[in-house]
Amino acid sequence: MTRHVLTPISTASPIRTGLRWLPTFVGFPLGGLLAELVVGRVDGPFAAVVGGALTGAVLGTAQWLGLRRRGVDQRWIAATALGLAAGLGGGAALVEYRTGLGALAAQGAVSGMAVGIAQAALLRRRLGRLAAVWPPASAAMWALGWTITTAVGVDVEAQYTVFGSTGALAVTVLSAVLPVVLGRRPGGDGRARR
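Residues numbered from 1 in each chain as written. Predicted model: local features only at pLDDT ≥ 70, side-chain atom pairs only at ≥ 80, totals over all residues. Heavy atoms only, no water.

## Overview of the overall build of the protein chain
Helix and strand content of the protein chain: 8 helices and 0 strands. Mapped from its N terminus to its C terminus, the protein chain presents α and β elements in the order α-α-α-α-α-α-α-α. Going through the 194 residues of the protein chain one by one, you find that 46% of them count as buried. For the protein chain, the proportion of contacts with a sequence separation of at least 24, taken over those separated by at least 6, is 71%. Carbon together with sulfur atoms contributes 66% to the accessible area of the protein chain, which is approximately 9,500 Å² in total. (Helix = DSSP H or I, 4+ residues; strand = E, 2+ residues; numbered from the N terminus. Buried < 20%, exposed > 50% of the residue type's maximum accessible area, 1.4 Å probe, protein only. Contact = heavy atoms within 4.5 Å. Areas by Shrake-Rupley, 256 points an atom, 1.4 Å probe, with all protein chains shown as cover.)

## Points about the packing of helix α6 (residues 134–151) against helix α7 (residues 165–175)
The N-to-C vectors of α6 and α7 enclose an angle of 155 degrees; their axes lie 7 Å apart at closest approach. Of the possible angle classes, the one that applies to α6 and α7 is roughly antiparallel. In this structure, α6 meets α7 at a crossing whose hand is right-handed. In this structure, α6 uses W134, M141, L144, G145, I148 and T149 to contact α7, whose residues at the interface are T166, G167, A170, V171, L174 and S175. Of the residues contributing to the contact of α6 with α7, the split by class is 7 nonpolar, 5 polar and no charged. (Axes fitted to C-alpha atoms, helices over the stretch in contact; angles between N-to-C directions. Parallel < 35°, antiparallel > 145°, perpendicular 65-115°, else oblique. Left-handed = near helix turned anticlockwise from the far one by under 90°. Nonpolar A, V, L, I, M, F, W, Y, C, P; charged D, E, K, R; others polar.)

## Quick notes on the packing of aromatic side chains
All told, the structure shown has 4 aromatic pairs when counted by the stated rule. Seen from their ring centres, F28 and F163 are 5.1 Å apart, and the 35 degrees between their planes marks the pair as tilted. Taken as a pair, F28 in helix α2 (residues 27–39) and F163 in the loop between α6 and α7 lie far apart in primary sequence, 135 residues in all. Grouping residues by exposure puts F28 and F163 together as buried. A centroid spacing of 5.2 Å and a plane angle of 75 degrees characterise the contact between W142 and F163, whose relative ring orientation is edge-to-face. Pair noted here: W142 is in helix α6 and F163 is in the loop between α6 and α7, with a separation of 21 residues, a long-range link. An aromatic cluster is built from F28, W142, W146 and F163, whose rings are joined through pairwise contacts. Across the ring face of W64, the terminal group of R68 is positioned such that the distance to the ring centre comes to 5.5 Å. (Phe/Tyr/Trp six-rings, centres within 6.5 Å; stacked < 30°, edge-to-face > 60°. Lys NZ or Arg CZ within 6 Å of the ring centre and 35° of its normal.)

## Some points on the nonpolar core
Soluble globular proteins tend to pack their nonpolar side chains together in the buried interior. In terms of nonpolar packing, the biggest core is built from 31 residues, with F28, W76, L123, W142, F163 and L178 touching the most fellow members. Those elements that place two or more of their residues in this core are α3 (45–67), α4 (75–94), α5 (101–127), α6, α7 and α8 (177–184). With 5 residues, the single largest contributor to this core is α5. The contacts of L123, once residues within four sequence positions are left out, are W76, G128, A131, W134, L178 and L182. (Core = buried A, V, L, I, M, F, W, Y, C linked by side-chain atoms within 4.5 Å.)

This is how it looks when you write it as structure tokens:
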């Protein structure tokens, strides 16, 4: 007979957990800056895929640092990098590398969906069917990130890999639901299940 012992659910308040998530914000501008230095403008497939991978790796690292106490392992970094490489590659091509508000919102939705799918594959073990909510939520958040960035007047014509700091802050605040939900699940305090 198999004996299952569940670890206690985290006692950290949702507000405290959300505040601990906020520093992951830096992954967006740092990842975008690295991609800009390495590949430049997202004006073709190579720049979109490689720039997406670089941005995703930096963002994934920042997010993993914020989630590792919630039982998320380092595969999060690779999942985020692969997701953004595929998403930006497909999304930028879909909108033909245009930078209007509608084009960037669509590109963001495709990028966010791809990142969300890659990350949900890792979340499924912890969240079960609830992980299926993450890809469409990510798509909506990334579309919003580009919408906010464009609306505040950032020079989006420079064809960046990711939205600016205003959009990144909004996405980070909204995505703080993830560590909160993970903290409410068994094993969400970073202790291994037995």
